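# Inside the fold
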Amino acid sequence: MTKEDYLSGQVLLIDKPLNWTSFQVVNKLRWEIRRAFNIKKIKVGHAGTLDPLATGLLVICTGKMTKQINTFQAQIKEYTGTFVLGSTTPSYDLETEIDKHYPTEHITQSLINETTQQFIGDIEQYPPIFSAIKKDGKRLYEFAREGKEVEIKSRTVSILKFEITKIDTSTFHSTGLIKANFKVVCSKGTYIRSLANDFGKALNSGAHLSVLRRTKIGDFSVENAQNIEQFIKNLPIK
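Residues numbered from 1 in each chain as written. Predicted model: local features only at pLDDT ≥ 70, side-chain atom pairs only at ≥ 80, totals over all residues. Heavy atoms only, no water.

What follows deals with the overall build of the protein. Regarding its fold elements, the protein presents 8 helices and 13 strands. Over its C-alpha trace the protein gives a radius of gyration of 20 Å, about what one expects of a compact globule, namely 18 Å for 238 residues. Taking the principal axes of its C-alpha atoms as reference, the protein extends roughly 60 × 40 × 35 Å. In the protein, which comprises 238 residues, the share counted as buried stands at 45%. In the protein, of all internal contacts separated by at least 6 residues, the share reaching a separation of at least 24 is 72%. Accessible surface, the protein as shown: approximately 12,700 Å² in total, 49% of it carbon and sulfur. (Helix = DSSP H or I, 4+ residues; strand = E, 2+ residues; numbered from the N terminus. Rg over C-alpha atoms; globule rule 2.2 N^0.38 Å. Buried < 20%, exposed > 50% of the residue type's maximum accessible area, 1.4 Å probe, protein only. Contact = heavy atoms within 4.5 Å. Areas by Shrake-Rupley, 256 points an atom, 1.4 Å probe, with all protein chains shown as cover.)

Below, the structure written as structure tokens:
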């Protein structure tokens with residue numbers, strides 16, 4: 001692609017690596033595009049944040065295509081990952097340490113599959129306190145890290161598909177924990193971490209998210225995405 005291509009607008013599919021923020025990916029790509037084509041200024045943005053501990057599809061828009069970001073953000077998303085049943089964390093994922101353990105002896109495969117059905121359709125969901133949502137001008141995670149309690153309003157989200165694809169009980173006897181791999185298709189604004197937490201409660205136990213990967217946004221698939229190294233390699237060398 002040429003300098004003019006990026007300025008007129010491109011949609012880039014990037015497979016976000018673990019421990020990178022979405023903002024870091026955008027900054028890295030912007031810097032590399034500017035360096036490769038000697039561009040002083042170019043708009044670059046992403047269509048939907050992924051947490052640092054998540055991997056997978058980031059839709060990156062450049063130039064005039066940044067005007068389409070809201071359209072892409074509103075599209076249906078697909079995720080895969082792993083819930084750990086039997087313990088919780090304050091952040092609902094591995095950003096924070098396990099704080100509580102719960103019984104899992106009563107959890108069967110049939111109970112797990114029945115419980116997923118409770119979450120199909122429009123549901124009320126509370127975002128995690130460890131999230132980037134703003135309240136009174138501050139991010140919720142800032143309140144959380146300060147140990148302050150804040151009132152969080154629920155939001156309506158849509159779960160189109162929620163299935164458990166594998167149940168791993170190999171560590172059950174030593175830890176009492178069950179790992180459940182999942183696939184979720186959902187609307188914009190859905191927090192898979194919150195789904196993990198609510199799923200654990202619905203099982204009369206507890207759960208947290210240990211692995212998350214975004215596989216689709218609308219018609220865009222991570223199968224067609226490139227990693228950051230591949231993207232940089234394909235740019236002209238200055």
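After that view of the structure, there is still more to cover.
What follows covers the side chain of Asn197. You can see Asn197 is positioned in helix 7 (residues 192-202). Contacts of Asn197, omitting those with residues within four sequence positions, involve Thr88, Tyr92 and Ala207.

Under the definition given, this model contains 9 aromatic pairs. Geometrically, the ring pair formed by Phe83 and Phe162 is edge-to-face, given 6.2 Å between the ring centres and 75 degrees between the ring planes. Of the two residues, Phe83 is situated in strand 4 (residues 77-85) and Phe162 in strand 10 (residues 155-168); the sequence distance between them amounts to 79 residues. Across the pair, Phe162 and Phe83 agree in class, each one buried. (Phe/Tyr/Trp six-rings, centres within 6.5 Å; stacked < 30°, edge-to-face > 60°.)

Under the counting rule described, the total for this entry stands at 1 cavity of 30 Å³ or more. Reported here for the largest cavity is a volume of approximately 70 Å³. Contributing to the lining of the largest cavity are Asp51, Leu53, Ala54, Asp93, Leu94, Arg193, Leu209, Ser210, Val211 and Leu212. Looking at which element gives the most residues to the lining of the largest cavity, the answer is strand 12 (residues 207-217), with 4 residues. Looking at the lining of the largest cavity, its residues break down into 6 nonpolar, 1 polar and 3 charged. (1 Å grid on protein atoms, 1.4 Å probe; cavity = no way out; pocket = protein on both sides within 12 Å on 5 of 7 lines; lining within 4 Å. Points joined across faces, edges and corners; volume = space filled by probe spheres on them. Nonpolar A, V, L, I, M, F, W, Y, C, P; charged D, E, K, R; others polar.)

Another point: helix 2 (residues 22-37). With 16 residues, helix 2 should cover 22 Å at 1.5 Å per step; its first-to-last C-alpha distance of 23 Å lies within 8% of that length. Here helix 2 has its buried residues at Ser22, Val25, Val26, Leu29, Glu32, Ile33, Ala36 and Phe37. On an axial view of helix 2, the arc spanned by its buried residues comes to 135 degrees, and they lie on one face. Buried residues belonging to helix 2 abut helix 1 (3-8), strand 1 (11-16), strand 2 (44-46), strand 3 (55-62) and helix 8 (228-233). Immediately downstream of helix 2, the backbone of Asn38 shows phi near 55 degrees, a positive value. (Expected span 1.5 Å × (residues − 1). Arc of directions from axis to C-beta.)

Now for the pattern of salt bridges. This structure, assessed with the given rule, holds 6 salt bridges. The salt bridge involving Lys28 is made with Glu32; its shortest N-O contact spans 3.0 Å. Of this pair, Lys28 and Glu32 both sit in helix 2, 4 residues apart, which is roughly one turn of the helix. Via salt bridges that share partners, Lys28, Glu32 and Arg35 belong to a single interconnected network. (Salt bridge = Lys/Arg side-chain N within 4 Å of Asp/Glu carboxyl O.)

If you check which residues of helix 4 (residues 109-116) are buried, you get Ile112, Thr115 and Thr116. With its buried residues spanning 105 degrees around the axis, helix 4 presents them on a single face. Residues of helix 4 that are buried in the fold lie against strand 4, strand 10 and helix 7.

Relative to the elements of secondary structure, Val11 occurs in strand 1. Between the C-alpha atoms of Val11 and Gln68, which are 57 residues apart in sequence, the distance is 9.4 Å. In this view, Val11 contacts Val59, Ile60, Met65, Phe72 and Phe220; residues no more than four positions away in its chain are not counted.

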